[in-house]
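Geometric and topological summary
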Amino acid sequence: MKDNLLKSKFITAIQTAVKLLQESNEESIKYALEALELAEEMVDIPEQAKVLHFLGKAECKFLRYINSLDYLGKASELAQDLADFDIYAQIMHSFAHLYWMQDDFKNMMKYNMKHLQVYEENSQKEGIAIASHNIGLAYRNMGDSAHALEYYLKSLEIMESLGIEQSVAGILNSIGVVYQKLKNFRKAFQYYERALSKAEQIEDRKLVKQALLNLGNIYEEKQDFLKALEHYHRALNFDEENKDQRGISLSLLNIGFVYEELKQYDKALEYYNRALKIKKQLHSKRSIGRTINNIASVLTKKGEYKNAEENLNKALMIGLEIDSQNLLRDVYNSYYMLFSEIGDYKKALEFYTKYSKLTEELQSIELKERIEKLQVSHEIKQKEKEAEILKESKRQLEILVEERTEKLQKSEKELIQHKQNLEKIVEERTADLARHQEHLKLINRILRHDIANIFNVIKSALKLFHRKADVQMLFDAEHQIGKGTVLIQRMNQLETFIAKNKTLQIIDLNNCFSSLEEHYPNIKFNIN
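**Some points on the nonpolar core**
Among the nonpolar cores identified, the biggest contains 124 residues, and Ile 91 and Ile 175 are the most heavily contacted of them. For this core, the element with the most residues is helix 5 (residues 85-101), which contributes ten residues. Residue contacts for Ile 91: discarding those within four places in its chain leaves His 53, Leu 72, Ala 75, Ser 76 and Ala 79. If you look at the next biggest cluster of nonpolar residues, it comprises six residues, including Leu 447, Ile 454, Ile 458 and Met 491.

Shown next as structure tokens:
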């Protein structure tokens, strides 16, 4: 009784926690902790592992990463003790997501590889596809487009074979991002359009938002800023409805950049500052540094030089702290632009020198990346060519199968028709045989009757001959024998006639005469 009560309380607590987390309500933590206590009291280890995993995901959502790491570690230990591969794989995925939220892509890769390993060992196709997609995401963020595309295509192939449309839409988006990074905007646009179409078909708002954001990036690259703004604002609306802070900050930055390009600097600052506030809540130092640098750039263009320098000093400190060469390069360039505007050419030259030196170092890296991109592009073309060959082979096979099917169907129809014709012939022959048998019966009956009469006459004539020695009786007998011979010949002719005239039918004359008597009662019929 007590166990049932505890179980009921546990179910209520965890269901409440899940519902509150969906609403981004931090009260979900309280109910999850209550569920954990109940699971411990029930000594239910599997449920303890699941609740600890839930707490790890919830703390990550509320940006309390240390707490999240602690809960996920405890959940991982329990899952390993239970040898429950499914929940262990899910926990590895949550670890990877936690590090992704912190821009720690090396650790993200590490846990995604563990995630993949578990599913490969258990031949779980959907799990393999999910893990492969996440590994592709890690590679993409680490700047390795070749490996990113390799894992994305692997994931796409599996998801398409399983018919999981939601995942297919997400992977199409990801492939578009790789093509965009490779500056193949036509291909990127095609994949984004396919992703948006599929996401709208299945009514997945999150995926629709992602596709809109990516299409906005393409329009921005093509300098079509009004179209870019339209897509970014639509994406922002989706993020705000879903309370996706990371997504909101990204959309705000994109909108701010477009307004900066349009020289609407106050608008640009408004969106950059809104993005900065969220980036600080997310504790993403690299993103904070980039956003502050963007703000400084706009302030320089507005002529607010002192404010711009203060922001650049903050961005510089972050760049040095996290050792981000790309951020430092951008900050040095912003310093150069600032001091050039002020007229302090000594400092402008100092920062331009730093910018140029760092740019040269990064360009050697970028050159290597460009070579890799060319290699990737070549590999992609090869894969596309192979895919086209496979597609054509499949088409030819389908045509062949269709032709063979048509022939088989035609042969089957002909066979059925032939069978029906044979059945009809057999039926007709059977009817003919039945009629012929009836005719033979009639002929035999007549023949037996008449021959019996002839034999009786012959027998009587022979008796009289013996008794009276009347020679005439022998002639009478001989005459009857002649009549019998003629009768047999006539019956033979009748039989031949009937065989040639298959439409003949046997008629009962008694019925005919009875019918005549009924219709003509005034006439007297004498039938012998």
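**Side note on the packing of helix 5 against helix 6 (residues 105-121)**
Each pair of packed helices can be summarised by the angle the axes make with each other and by the distance between the axes. Relative orientation of the contacting elements helix 5 and helix 6 amounts to 165°, with a least axis distance of 8 Å. Viewed along their axes, helix 5 and helix 6 adopt a mutual orientation that is roughly antiparallel. Helix 5 and helix 6 meet at a crossing whose hand is left-handed. Across from Phe 85, Asp 86, Tyr 88, Ala 89, Gln 90, Met 92, His 93, Phe 95, Ala 96, Tyr 99 and Trp 100 in helix 5, the residues of helix 6 making contact are Phe 105, Asn 107, Met 108, Tyr 111, Asn 112, Lys 114, His 115, Val 118 and Tyr 119.

**Focus on the packing of helix 8 (residues 145-162) against helix 9 (residues 165-181)**
At their nearest, the axes of helix 8 and helix 9 sit 9 Å apart, and the two run at 160° to each other. By the angle class used here, helix 8 and helix 9 are roughly antiparallel. In the packing of helix 8 onto helix 9, the handedness of the crossing is left-handed. Here Ser 145, Ala 148, Leu 149, Tyr 152, Leu 153, Ser 155, Leu 156, Met 159 and Glu 160 of helix 8 come into contact with helix 9, specifically with Ser 167, Val 168, Ile 171, Leu 172, Ser 174, Ile 175, Val 178 and Lys 181. Class assignment for the residues of the contact of helix 8 with helix 9 results in eleven nonpolar, four polar and two charged.

**Focus on the pattern of salt bridges**
Opposite charge on two side chains makes pairing possible when the charged atoms of those side chains draw close. Taken as a whole, this structure holds 18 salt bridges when the rule is applied. Among the salt bridges present, the one from Arg 290 reaches Asp 330, with a minimum N-O distance of 3.2 Å. Placement of the pair is Arg 290 in helix 15 (residues 285-302) and Asp 330 in helix 17 (residues 325-342), with a sequence separation of 40 residues. For Arg 290, a relative accessible area of 34% translates into the label partly exposed. On the accessibility criterion, Asp 330 (24% relative accessible area) is partly exposed. Look at the salt bridges and you will find they share partners, linking Lys 7, Asp 44 and Glu 47 into a network.

Rules used throughout
Residues numbered from 1 in each chain as written. Predicted model: local features only at pLDDT ≥ 70, side-chain atom pairs only at ≥ 80, totals over all residues. Heavy atoms only, no water. Core = buried A, V, L, I, M, F, W, Y, C linked by side-chain atoms within 4.5 Å. Buried < 20%, exposed > 50% of the residue type's maximum accessible area, 1.4 Å probe, protein only. Helix = DSSP H or I, 4+ residues; strand = E, 2+ residues; numbered from the N terminus. Contact = heavy atoms within 4.5 Å. Axes fitted to C-alpha atoms, helices over the stretch in contact; angles between N-to-C directions. Parallel < 35°, antiparallel > 145°, perpendicular 65-115°, else oblique. Left-handed = near helix turned anticlockwise from the far one by under 90°. Nonpolar A, V, L, I, M, F, W, Y, C, P; charged D, E, K, R; others polar. Salt bridge = Lys/Arg side-chain N within 4 Å of Asp/Glu carboxyl O.

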